Amino acid sequence: MEELKHIGIIMDGNGRWAKKRGLKRSFGHKEGSKTLKKLCLHLADVGVPYLSVFAFSTENFKRSQEEVDYLMDLFIEMFRKEFKVLDEKGVRVIFSGRKEPLRQDVLDSMAEITEKTKNNSKLVLNICLNYGGHSEIIDTTKKLCQQVLDGKIDIDHIDEETFEKNLYQELPPIDLLIRTSGEYRISNFMLWQMSYSEFYFTDTLFPDFNSEELDQIIEKYYQRDRKFGGVKG
Ligand code: FPP
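Every value quoted in this text rests on a predicted model; they were computed, and no experiment measured them.

Novice: So what's going on with the layout of surface pockets? Which residues, and what values?
Specialist: Counted as a void, the largest pocket has a volume near 610 Å³. Along its surface, the largest pocket is lined by 30 residues, and M11, N14, F54, A55 and N60 are the ones closest to its centre. Per-class residue counts for the lining of the largest pocket are 15 nonpolar, nine polar and six charged. Put simply, the second largest pocket is a space of about 300 Å³. In terms of lining, the second largest pocket is formed by 16 residues, of which the most central are E164, P172, P173, Q193 and S195. Partitioned by chemical class, the residues of the lining of the second largest pocket number seven nonpolar, two polar and seven charged.

Novice: Describe the sheet that holds strand β1 (residues 6–10), listing the residues and the values that go with them.
Specialist: The sheet built from six strands is open, its strands ordered β3-β4-β2-β1-β5-β6 with parallel pairing. Unpaired on one side and paired on the other, β3 (91–96) and β6 (198–201) mark the two borders of the sheet. This sheet shows a mean twist of 20° between the axes of neighbouring strands, independent of strand direction. Relative to β6, strand β5 (residues 176–179) runs parallel, the two being bridged by four bridges. The residue bridging L176 from the neighbouring strand is E198, located in β6. Those strands touched by helix α5 (residues 104–116) are β3 and β4 (123–131), and its axis lies near 140° from that of β3.

Novice: Describe the packing of helix α2 (residues 25–46) against helix α8 (residues 211–223), listing the residues and the values that go with them.
Specialist: In a pair of packed helices, the angle between the axes and the distance between the axes together describe the arrangement. Close contact between α2 and α8 brings their axes to 10 Å; oriented N to C, the two are set at 50°. What the angle tells us is that α2 and α8 run oblique. Two packed elements cross with a definite hand, and for α2 against α8 that hand is right-handed. When α2 is examined against α8, the residues K38, L39, H42 and L43 are found in contact with a partner set consisting of S211, L214, D215 and I218.

Novice: If you had to explain the nonpolar core to someone new, which residues and values would you point to?
Specialist: Counting residues in each nonpolar core, the largest one holds 45 residues, and the members touching the most others are I7, L51, F79, F83, L125 and I127. No other element matches helix α3 (residues 65–82), which puts eight residues into this core. Counting residues in hydrophobic clusters, the runner-up holds twelve residues, among them I94, C128, L171 and M190.

Rules used in this analysis
Residues numbered from 1 in each chain as written. Predicted model: local features only at pLDDT ≥ 70, side-chain atom pairs only at ≥ 80, totals over all residues. Heavy atoms only, no water. 1 Å grid on protein atoms, 1.4 Å probe; cavity = no way out; pocket = protein on both sides within 12 Å on 5 of 7 lines; lining within 4 Å. Points joined across faces, edges and corners; volume = space filled by probe spheres on them. Nonpolar A, V, L, I, M, F, W, Y, C, P; charged D, E, K, R; others polar. Pairing = 2+ DSSP bridges. Helix = DSSP H or I, 4+ residues; strand = E, 2+ residues; numbered from the N terminus. Axes fitted to C-alpha atoms, helices over the stretch in contact; angles between N-to-C directions. Contact = heavy atoms within 4.5 Å. Parallel < 35°, antiparallel > 145°, perpendicular 65-115°, else oblique. Left-handed = near helix turned anticlockwise from the far one by under 90°. Core = buried A, V, L, I, M, F, W, Y, C linked by side-chain atoms within 4.5 Å. Buried < 20%, exposed > 50% of the residue type's maximum accessible area, 1.4 Å probe, protein only.

Listed below in structure tokens is the structure:
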């Protein structure tokens, strides 16, 4: 079985987790952020080198102003304080997404954690924040068009490799995609990178998801037979 290099997680179900307990949705996000921290520490231990997570989609701006503000404040708190332990563990934090219309204080905290952790090499945590899979493909296309217009590359040299190199981040393909909370959708997450991913859907709400369940999923991943369009014995 292909070695597992890159896991993607659509961290869904924070709101329902809170609602079930009669709490505000924000409690679910807070709890979800603790789960994310634990999963990163675990993956750094077991040696999976890349984790991409969907923290905030371009569509999430449609939520109430209160919830959007809460999430943005939570991101800042995580990047400035709570992620210290991840930095110490050797986690490198990078981001995928558009800057517009993120608040300047959010952008600043993102730049700080990126800079602070840039030499870490245990685990790359790619946080998709204000991210959309279609937007990423459009932005990459524009970047390449500009390079052609500037005479830097020839149009015939645009191939999969060049395209990949110009995505928001240079990452290996996602081998394993996990979505929590019993929804069976991709929701515009890393479309280019997921062309050959194995998919796992679990009913567990993200705040309840843990390293044990992740290990079980990883074990199942290694039992699957990935053919990449070919035939295997
Ligand atoms: C989806 O659950 C979750 C989100 C939109 C936010 C994800 C954010 C975190 C886990 C917080 C921590 C992240 C970082 C990067 C520090 P939902 O609100 O759609 O849940 P629901 O479907 O039950 O309503």
